Amino acid sequence: MTTTTRTVPPMRAAGTAHTRLEGRDKVTGAARYAAEIPFAGLAHGWLVLSTIARGRIRSVESDPVLAMPGVLAVLHHGNAPRLNGDYTGAFGAPDPILQVLQHDRVPHAGWPVALVVAETSEQAREAAETLVVRYDQEPHDVAFSGGRPEVRTPAGSPASPTETEKGDLERELAASAVVVDAEYTTPEEHHSPLEPHAAMARWDSGRLEVIDSNQGSRFVAEELSKLFSLDPASVRVRSEHVGGAFGAKATRPHVVLAAMATTVLHRPVRVVLTRRQMFSVVGYRSPTVQRIRLGADPDGRLRAFDHEAECVTSTVHEFVERSAQFGRVMYDADAHHTVDRVVPLDVPTPSWMRAPGKAPGSFALESALDELAEKCGMDPIALRARNEPDVGPLSGLPFSSRKVLACFEEGAERFGWADRDPRPGTRRDGRWLLGTGTAAATFPSGAIPSTAAVTAEPDGTFTVRITAADVGTGARTALTLIAADALEVEPARIHMKIADSDFGPAMIAGGSMGTRSWAWAITAAVDELKEQLALGGEIPQHGITAQADTSAAIGALAQKERHSYGAQFAEVAVDAASGEVRVRRMLGVFAAGRIINPLTARSQFIGGMIWGLSMALHEEAVRDPASGGHVGADLAGYHFAANADVPLIEADWVDDPDEDDPVGIKGIGEIGIVGAAAAVANAVWHATGVRHRNLPIRPDRVLRAGIGE
């Protein structure tokens, strides 16, 4: 099948800075989030989580709680509505945590064991904290380390294989003049969006209506219809405003529990998670142990490339943090091997978290490349340029575009890289040791079939309907600009309606594919509408509507390696006496397709880079081996970069349109975090002469490692 390449139309509204359409409503409080929308007769549910890490529920002593003021129900495995557990969701078999309150088994600490529903949230919380649940406890294991005997290689897929290899790795390593063989670790990390997870459910005219905070209303609606064995048309999910998601806000147990409770009580029920509960039931980034082996000729050309990664999964559902995938498209070698393995433990199931796989994988590999550059006596950027592939290193496919070296060239000039003394530990500012580091970034660029509808209204405006989700990225505004340019009208004439499952199938806000997928569907619908309008005649009172489905167009795309790229730069200062590390400045230059709204795009890039800084120096969730739960499961105990930790951060981009895409965009949600932690870690080495291979780079680790000669 041949693919016709469309000419990307010139940008008019798109490409210039626009403030968010909903910005005023958000800063004035007029925008209502899922936990804030009022409903008559609303009841409130409060989740009860297990206090053991493995075992069975012996009893739920609900009678005393039911006698408390305002308490309406206590749902548990003995009385909760039965759910359908035999189905496949959009991403395969769902995590069994969605089969909430269906059995007495407890597979990890923080497993949902009951829901208390009361007239007010205060009554529900008091009753939930009073509820006594007795268990038969069993021994548990939550200790993760590399090389455990339980480690296994999970099954992959043709599109995402777990293991890849070419050439004779051991032979090429033996023939290499320079070898790096090192282990890198990253800890358990959590996405804690500012807006907690919340959902309201009610039955309205025979339909289950849900107001939720999610990344894709249609996906949540379809999953609920399967769980409750309902006709998909009888479920409607809306998510108008979302205060951050980062992979955490897919279908989660609180949504299922709200639907359960409204079915039992025949009145609206809202369930809101606490911050501590979010550490147990909404997913997280698995810790990783990664071994990198690189073999090169004296001039830095890679002969051998080996990236082996291990991560945690739960005992009930397999999730793979695919860290070893990062280098598959970045660097070629005569022998090339990557593999991801999992260790099942008595812990919650990890999940997607901003730049899954690529964030931890880039830390390990880009640190190892820095070590290789040091051993070869090469500049780190020159080493990466030396190993720049012409085609996909494993696939052999052409790149849709690849401007990683352009990012390094632009970034190096702006950062002042040419003035860098390559010797570590040579620069000082009083008591501070100064260093600079760099790293490459990449993230896949894809599009998923989606539908959209555009209506020409009789008043000269246009209404766009698409089940997109604006999770704080500015997607609502970007889509308005895209629609305005496609229709050749001012943005003020566009009414953008999103986040309603009734609008039809569409990609979720995830994988840096949301805006690209939605924009494609909108432009296709506009093309169809223009054809109808070209026929002439007055627009009727109900308007003229055109619909589009991009399944065929996306299916006809030529096979290519499609990715965004970037170059990260960081300068750090290290206090040799206290071990404190301060990032003084960061610069990221990206090749991420056509930039629709520079204002919100720069915000996305900078937000990702700040998260990478936080990953490098602060973030680390610690499990108590005795209880199996977290130590400090809140935003006081879980450290992250606060305002005082964030220096001058600049983000910019090079021109990089994807000519196979009708709008030319690639997606920018994930790329900002990729490589950022490695750039900071490489800068710490340059400042101190000591390599830190374990994140976060805490002061105690700096002091324990000492300062190099």
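Reference entry: report on the structure contained in this document. No experiment lies behind these values; they were computed from the predicted model shown.

### Let's talk about the overall build of the chain
Next, step 1: In terms of helices and strands, the chain carries 16 helices and 26 strands.
Next, step 2: The C-alpha atoms of the chain give a radius of gyration of 26 Å, which matches the 27 Å a tight globule of 709 residues would have.
Next, step 3: Counting every position in the chain, which comprises 709 residues, the buried fraction comes to 59%.
Next, step 4: Of the roughly 26600 Å² of accessible surface on the chain, a fraction of 51% belongs to carbon and sulfur atoms.
Next, step 5: Taken together, the 70 basic and 90 acidic charged side chains of the chain have centroids lying 1 Å from each other.

### What about the packing of aromatic side chains?
Next, step 1: All chains considered together, the criterion is met by nine aromatic pairs.
Next, step 2: Residues Phe319 and Trp352 carry aromatic rings whose centres are separated by 5.6 Å and whose planes lie at 90° to one another, so their mutual orientation is edge-to-face. Remark: Trp352 occurs in the loop between strand S15 (335–345) and helix H8 (358–376) and Phe319 occurs in the loop between strand S14 (302–314) and S15; sequence separation between them is 33 residues.
Next, step 3: Using a relative accessible area of 12% as the deciding quantity, one classes Phe319 as buried.
Next, step 4: Owing to a relative accessible area of 37%, Trp352 belongs among the partly exposed residues under this scheme.
Next, step 5: Ring geometry for Phe605 versus Trp653: centroids 5.8 Å apart, planes at 45°, classification tilted. In this pair, Phe605 sits in helix H14 (residues 598–617) while Trp653 sits in strand S26 (residues 648–653), placing the two residues 48 residues apart along the sequence.
Next, step 6: Accessibility expressed as a relative area gives 0% for Phe605, which makes it buried.
Next, step 7: A residue is classified by how much of its surface remains accessible, and Trp653, at 21% relative accessible area, is partly exposed.

### Focus on the environment of Ala13
Next, step 1: Relative to the helices and strands, Ala13 is located in the segment before helix H1 (23–28).
Next, step 2: Sequence separation between Ala13 and Asp485 is 472 residues; the distance between their C-alpha atoms is 6.2 Å.
Next, step 3: When near neighbours in sequence (up to four residues on either side) are disregarded, Ala13 contacts His18, Leu481, Asp485 and Pro491.

### With respect to the sheet that holds strand S12 (residues 269–272)
Sheet strands associate in pairs through backbone hydrogen bonding, adopting either a parallel or an antiparallel arrangement.
Next, step 1: Pairing is mixed in the open sheet, where seven strands are placed in the order S3-S5-S1-S12-S9-S10-S11. A strand with exactly one partner marks an edge of an open sheet, and here the two such strands are strand S3 (71–76) and strand S11 (235–238). In this sheet, neighbouring strand axes are inclined to one another by 20° on average, regardless of whether the strands run parallel or antiparallel.
Next, step 2: Against the sheet, helix H3 (residues 121–130) engages strand S1 (43–49), S3 and strand S5 (112–118), with an angle of about 25° to S1.
Next, step 3: Strands in contact with helix H5 (residues 217–227) are strand S10 (207–212) and S11; relative to S11, the strand with the most contacts, it is inclined by about 145°.

### Comments concerning the sheet that holds S14
Next, step 1: Judged by pairing direction, the sheet is mixed, and its five strands sit side by side in the order S7-S15-S14-S13-S8 without closing on themselves. Of all the strands in the sheet, just strand S7 (163–166) and strand S8 (178–186) have a single pairing partner and so form its edges. Direction aside, the axes of adjacent strands within the sheet are offset by 15° on average.
Next, step 2: Helix-sheet contacts for H8 involve S8, strand S13 (288–296) and S14, and the interaxial angle to S8 is about 150°.

### Concerning the side chain of Arg252
Next, step 1: Take Arg252: it is sitting in the loop between S11 and helix H6 (253–265).
Next, step 2: No salt bridge forms around the buried Arg252; measuring N to O, its nearest opposite-charge neighbour Asp95 is 5.7 Å away.
Next, step 3: One polar contact links the side chain of Arg252 to the main-chain carbonyl oxygen of Ala248, over a distance of 2.8 Å.
Next, step 4: Beyond its immediate chain neighbours, meaning those up to four positions away, Arg252 contacts Leu98, His197, Gly247, Val281, Val282 and Ser351.

### Points about the nonpolar core
Most often, soluble globular proteins have nonpolar side chains that are buried together.
Next, step 1: Grouped together as the largest cluster of nonpolar side chains are 82 residues, with contacts concentrated most on Leu294, Leu372, Phe569, Val572 and Met586.
Next, step 2: In contact with Leu294, not counting residues within four places along its chain, are Leu173, Val178, Val179, Val180, Leu302, Ala304, Phe305, Leu365, Ala368, Leu369 and Leu372.
Next, step 3: Of all hydrophobic cores here, the second largest spans 58 residues; its members include Leu98, Leu131, Val237 and Ala258.

### Quick word on the pattern of salt bridges
Pairing between side chains of opposite charge can happen when their charged atoms approach one another.
Next, step 1: For the structure shown, the criterion picks out 64 salt bridges.
Next, step 2: Beyond isolated ion pairs, a larger network of salt bridges with shared partners links Arg171, Glu172, Asp297, Arg301, Arg303 and Asp334.

### Here we look at unusual backbone geometry
Trans is the prevailing form of peptide bonds, just as negative phi is the prevailing case for residues other than glycine.
Next, step 1: Omega for the peptide link from Leu695 to Pro696 comes to -5°, which places this bond in the cis form.
Next, step 2: Its location among the elements puts Pro696 in the loop between helix H15 (676–688) and helix H16 (699–705).
Next, step 3: In this structure, His266 is a non-glycine residue whose phi angle is positive, near 60°.
Next, step 4: Note that His266 resides in the loop between H6 and S12.
Next, step 5: By relative accessible area, which is 68% here, His266 ends up exposed.

### Notes on the environment of Ile381
Next, step 1: Structurally, Ile381 can be placed in helix H9 (residues 380–386).
Next, step 2: A relative accessible area of 13% places Ile381 in the buried class.
Next, step 3: Through-space distance from the C-alpha of Ile381 to that of Leu405 is 8.6 Å; in sequence the pair is 24 residues apart.
Next, step 4: If we ignore the near neighbours within four places in the chain, the residues touching Ile381 are Phe408, Ala412, Trp417, Thr438 and Phe569.

Parameters and conventions
- Residues numbered from 1 in each chain as written.
- Predicted model: local features only at pLDDT ≥ 70, side-chain atom pairs only at ≥ 80, totals over all residues.
- Heavy atoms only, no water.
- Helix = DSSP H or I, 4+ residues; strand = E, 2+ residues; numbered from the N terminus.
- Rg over C-alpha atoms; globule rule 2.2 N^0.38 Å.
- Buried < 20%, exposed > 50% of the residue type's maximum accessible area, 1.4 Å probe, protein only.
- Areas by Shrake-Rupley, 256 points an atom, 1.4 Å probe, with all protein chains shown as cover.
- Lys, Arg positive; Asp, Glu negative; His and termini not counted.
- Charge placed at Lys NZ, Arg CZ, Asp CG, Glu CD.
- Phe/Tyr/Trp six-rings, centres within 6.5 Å; stacked < 30°, edge-to-face > 60°.
- Contact = heavy atoms within 4.5 Å.
- Pairing = 2+ DSSP bridges.
- Axes fitted to C-alpha atoms, helices over the stretch in contact; angles between N-to-C directions.
- Salt bridge = Lys/Arg side-chain N within 4 Å of Asp/Glu carboxyl O.
- Polar contact = N/O pair within 3.5 Å; in protein donor to acceptor, adjacent residues only side chain to side chain.
- Core = buried A, V, L, I, M, F, W, Y, C linked by side-chain atoms within 4.5 Å.

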